[in-house]
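# Descriptive analysis of the structure
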Amino acid sequence: MRIATGLVCMIASSATAPAAAQDRCPGPQDRGQPIAVQFESGLVEVHRTKDGQVWTIEAFEAGERLYTLEVAHGTHLLSYVEMAGETPIDGSRVSYDYGLNVADMPVPSPSGRWQVDVRVTDSTGVFPEGQIQAYGAITDLRIGACSYQMIPVLIAYETDDLYVEQINYLPELGIGYLVDSQTATDPGGPIPASAIWLAE
C-alpha cells in the first residue's frame, strides 16, 4: 500500500478514544468494525469497511486528517489522496487498477505469492507498474497488550527507485498496516505499531 514516505514519520493523534481507554482488544467478533492502529511515532490510522473487502484508512495528526487510502483485503492499494483536514489536496490522488474485481483479488495466505501488472493513474497521466507480492508464514504478534496471528506481506514495486514495503496482515481482523519500506537509496526502517483499539 505505497504511500508518501514522509507521512509515515509524522506524529499524530486521533479524534477517537485513546488506546488507554479500551476495555478489550479487538478480536474476530469485531471483524468489519472500525479499528484504530497507533504507531510508536504517534501516527494513528483508522480502518473502516462497509463490505469486509475494501477498507478506507484515514490517518490523523493532531485531530486533522493527513491522507486517506482505499485498500482491498488489507494489502492491495486502490487509491491514495493527501488531505488538508477534510479537503483533498489537488493533484495528490493516485489510483491503482488491478484489472480484477475486488472479490477476485487474493486474500493473503501463508506462503502465497501474487504477481500482477497494475494500471496507475496520477496527476501526470496513466502508466503501468508491476507488483510482486510474497506472503510469509503465520506468526504471533503483539500490539501493545493485544496478541494476534499475523502474515507478513512483502510487496516489490517495479519503480525507478525499486520500492519495497512490508505490511503486517491480521487475518482475524482483515486489516493490514505498513511496518517498513525501503528504496534503492533509502534503507528505510521499522514503523512499529504500539496500540490497537475499536474506533468510533
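So, here's what we can say about the structure. Numbers given for residues are sequential positions, taken from 1 along each chain in its written order. Reporting in this predicted model follows two pLDDT cut-offs: at least 70 for local features of residues, and 80 or more for side-chain atom pairs to be given and counted; totals over whole chains, interfaces and linings ignore these cut-offs and use all residues. Calculated side-chain values reflect all of the structure's heavy atoms, with hydrogen atoms and water omitted.

### Description of the overall build of the protein
When you go through the protein residue by residue, the secondary structure sums to 0 helices and 14 strands. Along the protein, from the amino end to the carboxyl end, the secondary structure elements read β-β-β-β-β-β-β-β-β-β-β-β-β-β. For each residue, the accessible area found with a 1.4 Å probe, counting protein chains only, is set against the maximum for its type, and the residue is called buried under 20%, exposed over 50%, and partly exposed in between. Looking at the protein as a whole, 46% of its 200 residues qualify as buried. Note on contacts: a residue pair is in contact if any heavy atoms of the two residues lie within 4.5 Å. Taking as baseline every contact in the protein between residues at least 6 positions apart, the subset at least 24 positions apart corresponds to 46%. Think of it this way: any DSSP run of H or I at least four residues long counts as a helix, any run of E at least two long counts as a strand, and we number them from the N terminus.

### Focus: the pairing of strand S11 (residues 146–157)
One ladder, built from 5 bridges, connects strand S9 (residues 125–135) with S11; its direction is antiparallel. Each residue of the ladder has a partner; that of Gln 133, found in S11, is Ile 155. Taken together, the 5 bridges between strand S10 (residues 139–143) and S11 define a ladder with antiparallel strand orientation. Residue pairing across strands places Ile 143 opposite Cys 146, the latter belonging to S11. Connecting S10 to the next strand, S11, in antiparallel fashion are 2 residues, including Gly 144 with a positive phi near 60°. As defined by bridge partners, S11 adjoins strand S12 (residues 164–170) across 6 bridges and the pair is classed as antiparallel. In the sheet register, Pro 152 faces S12, and the bridge partner there is Asn 168. For two strands to pair, DSSP has to find at least two bridges joining them. Linking S11 to S12, which pair antiparallel, is a turn of 6 residues; within it Leu 162 sits at a positive phi near 55°.

### Some points on the pairing of strand S5 (residues 76–84)
With 7 of its 9 residues buried, S5 lies for the most part within the structure. Pairing analysis gives 6 bridges linking strand S4 (residues 64–72) to S5, with the strands arranged antiparallel. Bridging across to S5, Ala 72 finds its partner in His 76. Two elements, S5 and strand S7 (residues 94–97), share 2 bridges in a ladder whose sense is antiparallel. Following the sheet pairing, Ser 79 is matched in S7 by Ser 95. Where S5 and strand S6 (residues 87–88) come together, 2 bridges link them in antiparallel fashion.

### A short note on the state of the cysteines
The disulfide definition used here is simple: a pair of cysteine sulfur atoms within 2.5 Å. The tally for this structure, following the rule as stated, stands at 1 disulfide. Sulfur-sulfur distance for the disulfide between Cys 25 and Cys 146 comes to 2.1 Å. Judged by the torsion about the S-S bond (-90°), the Cys 25/Cys 146 disulfide is left-handed. Within this pair, whereas Cys 25 is found in the segment before strand S1 (35–39), its partner Cys 146 is found in strand S11, the two being separated by 121 residues in sequence. Assessed through its relative accessible area of 28%, Cys 25 is described here as partly exposed. Its relative accessible area of 1% is what places Cys 146 among the buried residues.

### Focus: the nonpolar core
Buried Ala, Val, Leu, Ile, Met, Phe, Trp, Tyr and Cys residues that are joined via side-chain atoms within 4.5 Å together make up what is termed a nonpolar core. If you look at the biggest cluster of nonpolar residues, it comprises 45 residues, and the most contacted ones within it are Tyr 98, Ile 143, Leu 170, Tyr 177 and Ile 196. In terms of residues, this core owes the most to one element, S11, which gives 7 residues. Core analysis: the next-biggest nonpolar cluster, separate from the first, contains 7 residues, Val 44, Phe 60, Trp 197 and Ala 199 among them.

### Side note on the pattern of salt bridges
When the charged atoms of two side chains with opposite charge come close together, those side chains can pair. Basic side-chain nitrogens of Lys or Arg form a salt bridge, by our definition, when they fall within 4 Å of a carboxyl oxygen of Asp or Glu. All told, the structure shown has 4 salt bridges when counted by the stated rule. With its nearest N and O atoms 2.6 Å apart, the salt bridge here joins Asp 30 to Arg 24. Among the residues examined, Asp 30 registers a relative accessible area of 6% and is labelled buried. Residue Glu 58 pairs with Arg 48 through a salt bridge whose shortest N-O separation is 3.7 Å. Here Glu 58 is found in strand S3 (residues 54–61), whereas its partner Arg 48 is found in strand S2 (residues 44–49), with 10 residues between them in sequence. Glu 58 gets classed as buried once you look at its relative accessible area, which sits at 15%. The network of salt bridges with common partners includes Arg 48, Glu 58, Arg 65 and Glu 86.

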